[in-house]
Amino acid sequence: SFQLKAEGQKKLLNLTEHSEIFGYKTQGCRRALCIAGYILSCGALRLLFYWKPEWDVWINCIRCSLEEADIVLLRTTVGAYFNLLISPYRSDYPATEEDSIFSKAVMKPSLLVKTIQVQKIRYVWNDYAKQFQKVGVLEDHYTCSAIHDKFGSGLTCNEQNVRRVICGPNTIDVPVIPIWKLLIKEVLNPFYVFQLFSVCLWFAEDYMEYAIAIIFMSLLSIFLTVYDLRKQSIKLHKLVESHNSIMVTVCRNKEGFQELESHYLVPGDLLILKEGKTLLPCDAILVSGQCTVNESMLTGESIPVTKIHLPQADNLKPWRVYCAEDYRKHVLFCGTEVIQTKADDRGVVKAVVLQTGFNTAKGDLVRSILYPKPMNFKLYRDAMWFLMCLIALAAIGMIYTVCVFALNGVREVVKKALDVITIAVPPALPAALTTGIIYTQQRLKKKGIFCISPQRINVCGQLNLVCFDKTGTLTEDGLDLWGLLPSERNCFQNIHSFPADHGLPWGPVFKALAVCHSLIVWEGKIQGDPLDVKMFEATNWNEDQESTHATVVRPGLQATTAPVEGITILHQFPFSSALQRMSVIAQEIGGDTQAFTKGAPETVAMLCRAETVPSNFESKLLLYTAQGFRVIGLACKSLQAGKPPAALTREEVESDLTFLGLLIMENRLKRETKPVLEELSAACIRTVMVTGDNIQTAITVAKNAGMIAPTHRVILVEANEGPGSFSASITWKFLEENKIEDYRGLDDSQTDPGIRLALASGQYHFAMSGKSYQIVAHHFRHLLPKLLLNGTVFARMSPSQKSIPNEFESECDFQALKVAHAGISLSEQEASVASPFTSRTPSIACVPELIREGRAALVTSFCMFKYMALYSIIQYLGVLLLYWQLNSFGNYQFLFQDLAITTVIGVTMSFTRAYPKLVPYRPPSQLISPPLLLSVVLNILFSLSMQIFGFVVVQEQPWYSQTDIHSACLSVNNHERNSSSSLGLHGVRDGAHEQTDNGFKSYENTTVWLLSTINCLIVALVFSKGKPFRQPIYTNYVFILVLIGQLGICLFLMFADIDGLYSKMDVSIVPKGIFFLLPEAVIENRPLWLLLKKTFQYHSKSHYKRLQRVLEQDSAWPPLNETFFSDSVAVTVEGNMGGHSNPTFDSNEDSL
């Protein structure tokens, strides 16, 4: 698990993401100095260390080797640090296994064990290798035969005790977090700490109303957050609670069977699986017998899965390497339910414990919820940079304030300078990014789309590629039998169509349909793979599972007359996605034993004797797959008596077969598939199909669905490995379409200018199989980015391969959902907790809906962020302008802007819904981008010029007087008012001298405040953009009414003649004509930005955009009717585009 990286001090961990680990030793004198610092700073230093744990370690400790360390510091690839305490404890049991980690973890002679825990996973110190090593798992180096020999009889008591001490209990323990812990963690968030600082400062300045309002909103926000977290904690605790209290039976070496609680299980224990339903408390390798398991927790599909025992292969390869992708067929996963067991000749069903606790499949699922992958979306990084810019702006304002007030001999300079920070950096700024997400999440919920990772909603606004599975996603879940094409004596016979008036005739093909499946009787119904169900129902036979050792199928009431009483299924080799086939060993009651195989036609044909395969096999297969049918190949062979079925290997059974024919099944497109794909295509969002089906079938479905336009060309990419897998070849050729156009006959693709023109304009699609994809990834890695850029169909892909092309969104499999930027599960099973989104309706119509809402949420986040930033800058400019005259806004002026204007606008601006149409371009994803910066800068300049203009113009008026603040009232109304409109130095008036002029002129104050307030309303209107990503602003009735109401209040303050109101709001009377000089034009950034891009020839820096431009200029791409060899071709690609990496694995989403 660990690899030495820097001798003695730094090592590399292989966790879910690569991490570096550093050793540190606590030093007493440093610790004492830090404690003194905590006291002298009134806890501020401790709070800083709470936010930055690495600083705590660096200051309190000194670097040392991991062997001497008592604290380790973990650094992940995304830059996060974790400090972990090394926990030494004593083992009371001497280790007896010489070559095992369980022996090397116990230090001699002290019998101490040193451990660390990283995200619930335990690591122990290997005293021999001088490194930490993960425990709780069976070592990977064991071969198949070693697992049977070493663990087939169970562990001794001493071995079990040592493993229990080192691995810890087999529990997925998620305690309910106490409310006080959640409260403290939430309150110590930097956002709330800054709010606390702001509130204290406002109380010191008697700005109590807004301070109380902020306290109330903060407490409400904290309460709601803590309530939500507590609710999630209880829900997760209940999810795993039952896992920790299961009674199991284990086999002890020389002691027989023993009943114990599941939390005592350790890796290597021999588990006995009894009849009846059993919830698995750990991951285990089946070593004898056969099981049927409900894996809906992992796959999201309630389809029974058959598990077979690990073969006793005498091979030097580790068992996982030997089994390759099929290792899952031998593993029973934690959290899944065993619904049926079948013992073999050895008596009972046994399984060796593979992984315990949080190392298990269910534990990994829970860990993905407890420790979600950090979002590295550029929007949030830009927001932090923008926040830093505002802090820098506040620092400039503080220096300006200190200089102005100090030079004029004014006291309380510090308070005024600190006040600038709360003005320039509004406390609600980080929350502004989440408002749109909250409302969008509620709208999605109403539409039946649930989200467990709200931050990914914004990511959905940037999606430009969607990967779909075929069966059940683009097409209907169920398959319909269309026909059966039997083969006899090397020739295809007449096709048997379904439904037919007469039943299938008795023969080998009939027997294959009756037994070659993995169906079981569960809860009174025959259940299993939909394909198997349809195939078995066509025979009108019934399944009988009274026997625990074998399954028996018998003729039903409506079945064709058969010369046998029934057929017994003795052994199964379940379907393997890597092998693309399944097989069974069956025996007629009182008859001979036979093997039956079904799977991908081309794979089955290769396993058959050549003389039994029809000569026109390929043309017949192409005929049906080109029409979009799903075709299954059938084969059989007779087995010699004598060797028990369980002792036969898969290679022995699946060789020298007799080809029986083709089963043709129809898989119709869902009604909504084509309109959805057309909508995505019109929005310039690429759609890709990743399926396990035949490549020709997948291409036909892609064409019928509109994924491939009728005028576009399909290029098949075929890669093959040479002998020894040291070299490979790759060939590009046009797809033959019903042999009407034979493009293979073209010596050079340029002989047809029309074809080359279509290719040059990008009107082509690559299609490849999973096998070709693996070879290209291994031997032609430099070509992979080019192929993925136009790859549309990926067929015969295994579940592990499905996660590779999914660079943006996936609906394929559980594994693919975990690596996609925004996976959507069309299932409500428990597995959907690992997918950010779950659609209640099993339809891809949720995809454009999610993209629409994601775009609207992203734009809303930008609008809110820009508005909050502009509002603070407008207020900041106004206050600094008034500071020049030692003046400022009054408390009620601040209160009106902060509470009545900004808070209400912040709440209502996000009500605007998503625009119903997807436009062919995405909203910007960066705050630090030219269009958005241009918008902000232009608005800042407009605000600054407007405020300076008002500030200067009011001083030029004939009624303006520096000494008599009532001069305007006398000149306009010809009578004197007793109201005071000046603002004191501290922005407040003493209540006892309310009518006394404090000596500071307030014409400028009134002018600047009203201008800045109306400017805030203008900015809110300008930034509340509607089309093309949100509905027009006038559809947000609440927001429009709020703006009209706020503007009405401003006008009322301008024209009203109420002394008490003017006195309270600290405004004076100014002739109204000045405020009609407010010009405003809505700034439309996109046309201006497009003009600037064209003028300065700016091009996107995105890797795939750069590669797209390179390929458009490359007249030799794509190569046609050519074959390249891996040892003779070298294609260079500029920059770092030569290598392919999935951004989801690297946690790098800059490309968005």
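Keep in mind that this is a model prediction, so the values were computed, not measured.

Participant: Residues and numbers for the overall build of the protein chain, please.
Facilitator: Tallying secondary structure elements over the protein chain gives 39 helices and 42 strands in all. Residue pairs at least 24 apart in sequence account for 71% of intrachain contacts in the protein chain once pairs closer than 6 positions are excluded. A total of about 50,500 Å² of accessible surface is found on the protein chain, and carbon and sulfur atoms cover 58% of it.

Participant: Pulling in residues and values, what's your account of the side chain of arginine 852?
Facilitator: You can see arginine 852 is positioned in helix H30 (residues 846-883). When neighbours within four sequence positions are excluded, arginine 852 is seen to be in contact with Glu679, Ala914, Tyr915, Pro916, Lys917 and Leu918.

Participant: An account of helix H9 (residues 208-241) is requested, with residue identities and associated values reported.
Facilitator: Taking 1.5 Å of rise per residue, 34 residues should cover 50 Å, and H9 covers 48 Å from first to last C-alpha, within 8% of that figure. The complete set of buried residues in H9 reads Tyr210, Ala211, Ala213, Ile214, Ser218, Ile222, Val226, Ser233, Leu236 and Val240. Buried residues along H9 sit in contact with helix H7 (179-187), helix H8 (190-204), helix H12 (361-370) and helix H31 (891-908).

Participant: I'd like a rundown of the pattern of salt bridges, residues and numbers included.
Facilitator: Inspection of the entire model under this criterion finds 21 salt bridges. For glutamate 654, the salt bridge is made with arginine 581, and the minimal N-O distance between the two is 2.6 Å. Taken together, the residues glutamate 654 in the loop between helix H22 (650-653) and strand S34 (658-666) and arginine 581 in strand S31 (residues 581-588) connect sequence positions 73 residues apart. Side by side, glutamate 654 and arginine 581 carry an identical accessibility label, which is buried. What emerges from the salt-bridge pattern is a single network uniting Arg443, Lys447, Glu679, Glu849, Arg852 and Glu853.

Participant: Quick one: what's the story with the nonpolar core, residue by residue and with numbers?
Facilitator: For soluble globular proteins, nonpolar side chains are generally found buried alongside one another. Core analysis: the largest hydrophobic core is formed by 71 residues, its most contacted members being Tyr867, Ile905 and Met909. Among the elements that make up this core, the one with the highest residue count is H30 (20 residues). The contacts of methionine 909, once residues within four sequence positions are left out, are Cys863, Met864, Tyr867, Ala1020, Ser1024, Arg1030, Asn1036 and Phe1039. In terms of nonpolar packing, the next biggest core, distinct from the first, is built from 40 residues, Val676, Ile699, Leu735 and Cys846 among them.

Participant: Which residues make up the environment of valine 937, and what values do they have?
Facilitator: Note on placement: valine 937 falls in helix H32 (residues 930-955). Look at valine 937 and you get partly exposed, because its relative accessible area is 43%. As a C-alpha pair, valine 937 and leucine 870 span 67 residues in sequence and 9.5 Å in three-dimensional space.

Participant: Describe the sheet that holds strand S20 (residues 349-355), listing the residues and the values that go with them.
Facilitator: Taken together, the six strands give an open sheet; going across it, the order is S12-S11-S13-S20-S15-S18, and neighbouring strands pair in antiparallel fashion. A single partner strand is all that each edge strand has here, and the edge strands are strand S12 (256-261) and strand S18 (331-332). One ladder, built from four bridges, connects strand S13 (residues 270-273) with S20; its direction is antiparallel. Within the sheet, the bridge partner assigned to isoleucine 272 lies in S20 and is lysine 350. Contacts from helix H5 (residues 144-151) reach S13, strand S15 (283-288) and S20 within the one sheet, and its direction differs from that of S15 by about 90°.

Participant: Before we move on, can you summarise the packing of H31 against helix H34 (residues 1003-1023) with the specific residues and values?
Facilitator: For the pair H31 and H34, the least separation of the axes is 11 Å and the interaxial angle reads 5°. With respect to each other, H31 and H34 are oriented roughly parallel. Taken together, the residues of H34 that come into contact with H31 (itself represented by Gln893, Phe896, Gln897, Ile901 and Ile905) are Asn1005, Trp1009, Ser1012, Thr1013, Cys1016, Leu1017 and Ala1020. Its residues assigned to classes, the contact of H31 with H34 shows seven nonpolar, five polar and no charged.

Participant: How would you sum up the UniProt feature "transmembrane region" (unreviewed entry) in the protein chain? Please name residues and give values.
Facilitator: Here, UniProt's "transmembrane region" (unreviewed entry) annotation points to residues 210-229, 383-408, 420-439, 868-886, 892-911, 932-954, 1006-1024 and 1036-1056. Annotation note: span residues 210-229, helix share 100%, strand share 0%, distance between end C-alpha atoms 28 Å.

Participant: Describe the sheet that holds strand S40 (residues 824-825), naming the residues involved and giving the relevant values.
Facilitator: On the basis of which strands lie adjacent, the open sheet formed by three strands has the order S21-S41-S40 and mixed pairing. Both edges of this open sheet fall to strand S21 (449-451) and S40, since each of them pairs with a single strand only. By the bridge criterion, two bridges tie S40 to strand S41 (residues 837-839) in an arrangement that is parallel. In the strand pairing of S41, serine 825 is matched with threonine 838.

Participant: Provide a residue-level description of the pairing of strand S10 (residues 131-134), including the pertinent values.
Facilitator: As defined by bridge partners, strand S9 (residues 121-126) adjoins S10 across four bridges and the pair is classed as antiparallel. When the bridges of S10 are listed, asparagine 126 appears paired with glutamine 131. The turn joining S9 and S10, which pair antiparallel and follow one another in sequence, is formed by four residues; a positive phi near 55° is taken by lysine 130.

Participant: Give me the lowdown on a nonpolar patch on the surface, citing residues and values where you can.
Facilitator: The grouping of Leu48, Tyr50, Trp51, Trp55, Trp58 and Ile59 at the surface amounts to a nonpolar patch, some 540 Å² of accessible area in total. Within the residue set of the nonpolar patch, elements represented by two or more residues are helix H2 (44-51) and helix H3 (53-60). Its place among the elements puts leucine 48 in helix H2.

Participant: Can you explain the environment of methionine 582? Please cite residues and give values.
Facilitator: Mapping methionine 582 onto the fold places it in strand S31. When the C-alpha atoms of methionine 582 and histidine 517 are compared, they prove to be 7.9 Å apart, with 65 residues separating the residues in sequence. Filtering out sequence-adjacent residues up to four positions away, methionine 582 remains in contact with Cys516, His517, Ser518, Phe573, Pro574, Phe575, Phe596, Thr597, Lys598, Arg650 and Glu654.

Participant: Run through the pairing of S15, naming residues and quoting values.
Facilitator: With six of six residues buried, S15 lies mostly within the body of the structure. The sheet contact formed by S15 and S20 spans five bridges and is antiparallel. When the sheet's bridge partners are listed, aspartate 283 is paired in S20 with glutamine 355.

Participant: Can you lay out the packing of helix H14 (residues 413-424) against H30 for me, pointing to particular residues and giving the numbers?
Facilitator: Contact geometry of H14 with H30 gives a least axis separation of 8 Å together with a crossing angle of 155°. Considering their axes alone, H14 and H30 lie roughly antiparallel with respect to each other. From H14, Lys416, Asp419, Val420, Ile423 and Ala424 reach across to H30, where they touch Ser872, Gln875, Tyr876, Val879 and Tyr883. For the contact of H14 with H30, the class distribution of residues is six nonpolar, two polar and two charged.

Participant: Please set out the environment of glycine 472 residue by residue, giving values where relevant.
Facilitator: With respect to the element layout, glycine 472 can be found in helix H17 (residues 470-474). Remark: the alpha-carbon pair of glycine 472 and lysine 670, spanning 198 residues in sequence, is separated by 8.6 Å. Non-local contacts of glycine 472, meaning those with residues more than four positions away in its chain, are made with Asp477, Lys670 and Leu826.

Participant: Provide a residue-level description of the packing of aromatic side chains, including the pertinent values.
Facilitator: If you walk through the whole model with that rule in mind, you get 21 aromatic pairs. Arranged with centres 5.6 Å apart and planes meeting at 50°, the rings of tryptophan 506 and phenylalanine 510 form a pair that is tilted. Look at tyrosine 764 and phenylalanine 766: their rings are 5.4 Å apart centre to centre, the planes differ by 70°, and that puts the pair in the edge-to-face class. For phenylalanine 766, a relative accessible area of 2% translates into the label buried.

Participant: Let's hear about unusual backbone geometry: which residues, and what values?
Facilitator: Note the cis peptide between lysine 1027 and proline 1028, where omega equals 10°. Positive phi, normally seen in glycine, also occurs at aspartate 656, with a value near 55°. Turning to its location among the elements, aspartate 656 is positioned in the loop between H22 and S34.

Participant: Now, about the side chain of threonine 360: what can you tell me, with residues and values included?
Facilitator: Mapped onto the elements of the fold, threonine 360 is located in the loop between S20 and H12. Residue threonine 360 is classed as buried on the basis of its relative accessible area, which comes to 1%. A polar atom in the side chain of threonine 360 sits 2.8 Å from the backbone oxygen of glycine 357. Reaching out from threonine 360, the side chain makes a polar contact with the backbone nitrogen of glycine 363 at a distance of 3.1 Å. Once residues within four sequence positions are removed from consideration, threonine 360 is found in contact with Ile172, Cys282, Asp283, Cys334 and Gln355.

Participant: A description of the confidence of the model for the protein chain should follow, citing residues and the corresponding values.
Facilitator: Do not read the predicted coordinates in detail wherever pLDDT is low. The predicted model of the protein chain averages 76 in pLDDT, with 77% of residues at 70 or higher. Of all secondary-structure elements in the protein chain, the lowest mean pLDDT belongs to helix H39 (residues 1143-1146), at 29, while strand S32 (residues 593-599) reaches the highest, 92. Low pLDDT (under 50) marks residues 804-819, which in the prediction has 80 contacts with non-local residues, meaning those over four places away or in another chain. Between residues 1128-1152, whose pLDDT stays under 50, and residues either more than four places distant or in other chains, the model counts 59 contacts.

What counts, and at which threshold
Residues numbered from 1 in each chain as written. Predicted model: local features only at pLDDT ≥ 70, side-chain atom pairs only at ≥ 80, totals over all residues. Heavy atoms only, no water. Helix = DSSP H or I, 4+ residues; strand = E, 2+ residues; numbered from the N terminus. Contact = heavy atoms within 4.5 Å. Areas by Shrake-Rupley, 256 points an atom, 1.4 Å probe, with all protein chains shown as cover. Expected span 1.5 Å × (residues − 1). Buried < 20%, exposed > 50% of the residue type's maximum accessible area, 1.4 Å probe, protein only. Salt bridge = Lys/Arg side-chain N within 4 Å of Asp/Glu carboxyl O. Core = buried A, V, L, I, M, F, W, Y, C linked by side-chain atoms within 4.5 Å. Pairing = 2+ DSSP bridges. Axes fitted to C-alpha atoms, helices over the stretch in contact; angles between N-to-C directions. Parallel < 35°, antiparallel > 145°, perpendicular 65-115°, else oblique. Nonpolar A, V, L, I, M, F, W, Y, C, P; charged D, E, K, R; others polar. UniProt positions renumbered as here; feature names shortened; annotations may be inferred. Patch = residues over 30% accessible without salt bridge, like charges linked within 9 Å, V, L, I, M, F, W, Y side chains within 5 Å. Phe/Tyr/Trp six-rings, centres within 6.5 Å; stacked < 30°, edge-to-face > 60°. Polar contact = N/O pair within 3.5 Å; in protein donor to acceptor, adjacent residues only side chain to side chain. pLDDT = per-residue confidence, 0-100.

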